[in-house]
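The chain contents come next:
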Amino acid sequence: MALIKEVRGFVPQIGKNTYLADNATIVGDVVIGDDCSIWFNAVLRGDVNSIRIGNRVNIQDGSVLHTLYQKSVVEIGDDVSVGHNVVIHGAKIENGALIGMGAIVLDHAVIGEGAIVAAGSVVLTGTHVEPGSIYAGTPAKFVKKVDPDQAKEMNQKIAKNYLMYSGWFKEEEE
C-alpha cells in the first residue's frame, strides 16, 4: 500500500479511480485529480508547499515532485504524462504536456499546453516552454513546433494507456 502521510496538518487528497503503486509516497499538501496513476517509487512531497495534479495524469516510476518553501508550487494540468525518473521542482505543467524520461524541470518554469520536453532535458528555473513545442537539451532549448492535433492525440493516448495499465494492477488487488 502506498505511503500517504500527513505533514503540518495537510492530508493528501486522492481523486476517484486513481491508482497509487504499492511504494509510491504522497506527503502533505498534495491534491491529485481523478483517473490518475502514481507509479512505483514516485514521490510527491508536499511538505514545504503545495502540489496540485489535474485529471488523467500519470506520474511514472521513480519521479520526484517537490517545491521551495514559501516560494514555488507544483501545478500539473489535465492529460499530462510525466516519464520515468523525472524531477519536477516547483514548476507548472499545462494541459496535455509530456515530460520525457529523466528530464528535470526547475522552479518557476512553465511547460505550455501540449508541449514536449525531451528525455534527459534540463528546463532551467523560470524557462517558459512555448505551447505546442518541443524543447530538448541541457539546458533545454526550442527545437521545433509540433502539430497541435498530433501532440494532443499522442499525449491523450499515453494518458489512456496508463489508465489501462493501472487497471491491470487494480484487478490484481481485488
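Structure's up top.
Here's what I pulled together on the structure shown here. Since this is a predicted model, take the numbers as computed values, not measurements.

1. Remarks on the overall build of the protein chain
When its secondary structure is counted, the protein chain shows one helix and 20 strands. Relative to its length of 174 residues, the protein chain is compact, with a C-alpha radius of gyration of 15 Å against a globular reference of 16 Å. C-alpha extents for the protein chain along the principal axes are approximately 45 × 35 × 20 Å. By residue count, 49% of the 174 residues in the protein chain fall in the buried class. Put simply, of all contacts in the protein chain between residues at least 6 apart along the chain, 14% involve residues at least 24 apart.

2. Here's the deal with a nonpolar patch on the surface
On the surface, Met 164, Trp 168 and Phe 169 cluster together into a nonpolar patch covering about 310 Å² of accessible area. In this structure, Phe 169 sits in helix α1 (residues 148-173). What makes Phe 169 partly exposed here is its relative accessible area of 32%.

3. As for the pairing of strand β19 (residues 133-136)
Pairing of strand β16 (residues 116-117) with β19 involves two bridges; the strand directions are parallel. Residue pairing for β19: Ile 116 is matched across the bridge by Ile 134. When β19 meets strand β20 (residues 141-145), the two strands line up antiparallel, connected through four bridges. Each bridged residue has a counterpart across the sheet, and for Ala 136 the counterpart in β20 is Lys 141. Counted along the chain from β19 to the antiparallel partner β20, the turn is four residues long, and its residue Gly 137 has a positive phi close to 105°.

4. Focus: unusual backbone geometry
For the bond running from Thr 138 to Pro 139, omega is 0°, close enough to zero to count as cis. Along the chain, the position of Pro 139 falls in the loop between β19 and β20. Positive phi values are uncommon outside glycine, yet Gln 70 reaches one of about 60°. Within the secondary structure, Gln 70 is located in the loop between β8 (64-66) and β9 (74-76).

5. Concerning the sheet that holds β16
Read from one edge of the open sheet, eight strands run β3-β5-β7-β10-β13-β16-β19-β20, paired in mixed fashion. Whereas interior strands pair on both sides, the edge strands pair on one side only; in this sheet they are β3 (19-20) and β20.

6. Remarks on the pattern of salt bridges
A complete count under the given rule lists four salt bridges for this structure. Residue Asp 29 is joined to Arg 52 by a salt bridge in which the shortest nitrogen-to-oxygen separation is 2.8 Å. Here Asp 29, found in strand β4 (residues 25-32), pairs with Arg 52, found in strand β6 (residues 43-53); they are 23 residues apart in sequence, far enough to count as distant. In this structure Asp 29 comes out as buried when scored by relative accessible area, which is 14%. Among the salt bridges present, the one from Asp 47 reaches Arg 45, with a minimum N-O distance of 2.9 Å.

Rules used in this analysis
- Residues numbered from 1 in each chain as written.
- Predicted model: local features only at pLDDT ≥ 70, side-chain atom pairs only at ≥ 80, totals over all residues.
- Heavy atoms only, no water.
- Helix = DSSP H or I, 4+ residues; strand = E, 2+ residues; numbered from the N terminus.
- Rg over C-alpha atoms; globule rule 2.2 N^0.38 Å.
- Buried < 20%, exposed > 50% of the residue type's maximum accessible area, 1.4 Å probe, protein only.
- Contact = heavy atoms within 4.5 Å.
- Patch = residues over 30% accessible without salt bridge, like charges linked within 9 Å, V, L, I, M, F, W, Y side chains within 5 Å.
- Areas by Shrake-Rupley, 256 points an atom, 1.4 Å probe, with all protein chains shown as cover.
- Salt bridge = Lys/Arg side-chain N within 4 Å of Asp/Glu carboxyl O.
- Pairing = 2+ DSSP bridges.

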